[in-house]
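Topology and contacts: notes
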Amino acid sequence: ASTLGAAAAQSGRYFGTAIAASRLGDSTYTSISAREFNMVTAENEMKPDATQPNRGQFSFSAGDQIYNWANQRGIKVRGHTLAWHSQQPGWMQSLNGSNLRQAMIDHINGVMAHYKGKLAAWDVVNEAFNEDGSRRSSNLQGTGNDWIEVAFRTARAADPSTKLCYNDYNIENWSYGKTQGVYRMIQDFKSRGVPIDCVGLQTHFTGGSSLPGNFQTTLSSFAALGVDVALTEVDVTNASTSQYAGLTQACMNVARCIGITVWGVRDSDSWRSSESPLLFNSGGGAKSAYTSVLNAL
Ligand code: XIL
C-alpha cells in the first residue's frame, strides 16, 4: 500500500493523526491528512475547556468541524478527552469535592450525548498517574480515589457504542513505576467489572536509537488483561527512523495493538515543533521516518 492508512488497514489497523480545526483551511495540511490517515483525534477541540467553557453551556463547534471533516471523508474519529487535570475550563479548576465530582459526571454525560454513536473511542481519563505509579494529585483525585472508575461507568452508560480508553504518557517502558501503576489499575478494573476497553500509550519519545525498555512487552502485557492497546500521540525527537520503525513494528507484533496515531501532520504543526518530531517536514514532504513507518506496516 502507498499510504499509512491503507498500509495499516491491510492488517485491520488504523493510522491516525491529531487534527487542529484552525488548520482545516490549509490545503497542504488537509490534502496530506485526507490521503494518509484513516483515523483522527482532535488536538484540543474536544477537551473540557473547549467543550464546556461555562458550566452547563456546551460548545461543540470546533470539535464538530473536525468530526464533520473526517466523517465526510470516511475517516474515523477518536474522542480526546473527558476527564483530565489539565485544560479544564476556569470554572472547573476552582471546583472540588462533591461539586467537582458531579461536574465531571455532567461533563461526561453532556459531551458523550453529543457524540453518541459517532466516535470509535474516547480517552475517558487522561494522565492520572505520577511517574512512580501513584495517583497524580489534582482536583479530580481530591474527589476520591474512585473518580476514575466513576468516570468509566458514567461513560459506558452515556454511550455503550464507543470504546472507553485510559490514556497516559511514560507508560511505554515495562520496568517503569508509572507503567506498573496503570497496569495494576487496569487489572483491578477488569477483575471487578469496571468497564474499560483500551489503553492509550501516548508515545511521546525523546529520540536516540532504541525504544523504552521492553516496549512490546508492555503492549502485550496490557493486551493480556483483555484490553486493546493503541499508540495515541506519537512523536519522536528528530523523528528518529529507528524509533519510528521500532514502535510501528512493536504494534504490528501485538494482535490487540489496534492502531497508531501521530500527534500532528507536519513538523510545523507539532506542539514540539522545535524537535521536528513528525513524519512530514514543514513543507509537507514525507521524511525518511515516513518511509520507515510505511515499510514496517
Ligand atoms: C497538547 C496539544 O498538542 C497542544 O496544542 C496544547 O497546547 C496542549 O496539549 N498529552 C495529551 C495531549 O494528552 O492532549 C497534549 O496535547 C499533549 C500531551
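Structure: above.
So, here's what we can say about the structure. (Residues numbered from 1 in each chain as written. Predicted model: local features only at pLDDT ≥ 70, side-chain atom pairs only at ≥ 80, totals over all residues. Heavy atoms only, no water.)

1. Section: the site of the ligand
Residues in contact with the ligand amount to 13 residues; listed here are only the nearest, Glu43, Lys47, His80, Asn126 and Glu233. Between Gln202 and the ligand, the recorded distance is 3.2 Å, taken from a side-chain N or O atom to a nitrogen atom. With respect to the ligand, the side chain of Glu233 contributes an N or O atom lying 2.7 Å from an oxygen atom. Taken together, the residues of the shell around the ligand sort by class into three nonpolar, six polar and four charged. (Near = heavy atom within 4 Å. Polar contact = N/O pair within 3.5 Å; in protein donor to acceptor, adjacent residues only side chain to side chain. Nonpolar A, V, L, I, M, F, W, Y, C, P; charged D, E, K, R; others polar.)

2. A word on the pairing of strand β9 (residues 257-262)
Across the six residues of β9, five count as buried, placing the element largely inside the fold. Pairing of strand β1 (residues 14-19) with β9, which is carried by four bridges, proceeds in the parallel orientation. For Tyr14, the partnering residue across the bridge sits in β9 and is Gly259. Direction of pairing for strand β8 (residues 228-236) relative to β9: parallel, over a ladder of three bridges. Opposite Val234, over in β9, you have Val262 as the bridge partner. As a crossover connection, the stretch from β8 through helix α10 (residues 241-252) into β9 is right-handed. (Buried < 20%, exposed > 50% of the residue type's maximum accessible area, 1.4 Å probe, protein only. Helix = DSSP H or I, 4+ residues; strand = E, 2+ residues; numbered from the N terminus. Pairing = 2+ DSSP bridges. Right-handed = clockwise from strand over helix to strand, strands pointing away.)

3. With respect to the packing of helix α8 (residues 177-192) against helix α9 (residues 215-224)
Direction vectors running N to C along α8 and α9 enclose 15 degrees, while the axes themselves pass 10 Å from each other. The orientation of α8 relative to α9 falls into the category roughly parallel. Of the two possible hands of crossing, α8 and α9 adopt the one that is right-handed. Mapping the contact onto sequence places Thr179, Val182, Tyr183 and Ile186 in α8 and Thr218, Ser221 and Phe222 in α9. (Axes fitted to C-alpha atoms, helices over the stretch in contact; angles between N-to-C directions. Parallel < 35°, antiparallel > 145°, perpendicular 65-115°, else oblique. Left-handed = near helix turned anticlockwise from the far one by under 90°. Contact = heavy atoms within 4.5 Å.)

4. Notes on the packing of aromatic side chains
A full pass over the atoms with the stated rule returns eleven aromatic pairs. Taken together, a centroid distance of 6.1 Å and an interplanar angle of 70 degrees make the contact between Phe152 and Phe189 edge-to-face. Highlighted residues: Phe152 in helix α7 (residues 147-158) and Phe189 in helix α8, separated in sequence by 37 residues. Accessibility assignment for this pair places Phe152 and Phe189 in one class, buried. Joined through ring pairs, the aromatic side chains of Phe58, Phe60, Tyr67, Tyr115 and Trp122 make up one cluster. (Phe/Tyr/Trp six-rings, centres within 6.5 Å; stacked < 30°, edge-to-face > 60°.)

5. Description of the pairing of strand β4 (residues 121-126)
In terms of burial, β4 is largely enclosed, as six of its six residues are buried. Bridge count between strand β3 (residues 76-84) and β4: five bridges; the pairing is parallel. Paired with Trp84 across the strands is Asn126, a residue of β4. As paired strands, β4 and strand β5 (residues 163-168) are joined by five bridges and run parallel to one another. Following the sheet pairing, Asp123 is matched in β5 by Cys165. Handedness of the crossover joining β4 and β5 through α7 is recorded here as right-handed.

6. Quick notes on the packing of α9 against α10
As a packed pair, α9 and α10 sit with axes 9 Å apart at the nearest point and diverge in direction by 30 degrees. One element, α9, and the other, α10, form an angle in the roughly parallel class. As for how α9 packs across α10, the hand of that crossing is right-handed. Here Phe215, Gln216 and Leu219 of α9 come into contact with α10, specifically with Leu247, Ala250 and Cys251.

7. Points about the state of the cysteines
One pass over the full model with this rule turns up two disulfides. Disulfide partner of Cys165: Cys198, at an S-S distance of 2.1 Å. Since a negative S-S torsion denotes a left-handed disulfide, the Cys165-Cys198 link at about -85 degrees is left-handed. You can see Cys165 sitting in strand β5 and its partner Cys198 sitting in strand β6 (residues 198-201), a full 33 residues away along the chain. Comparing Cys165 with Cys198 shows no difference in burial state: the two are buried. Between the sulfur atoms of Cys251 and its disulfide partner Cys257 the distance amounts to 2.1 Å. Taking the sign of the S-S torsion, about -100 degrees here, the bridge from Cys251 to Cys257 comes out left-handed. For the pair shown, Cys251 and Cys257 are each scored as buried. Once the bonded cysteines of the protein are numbered in order along the sequence, the disulfide links fall as 1-2, 3-4. (Disulfide = S-S within 2.5 Å.)

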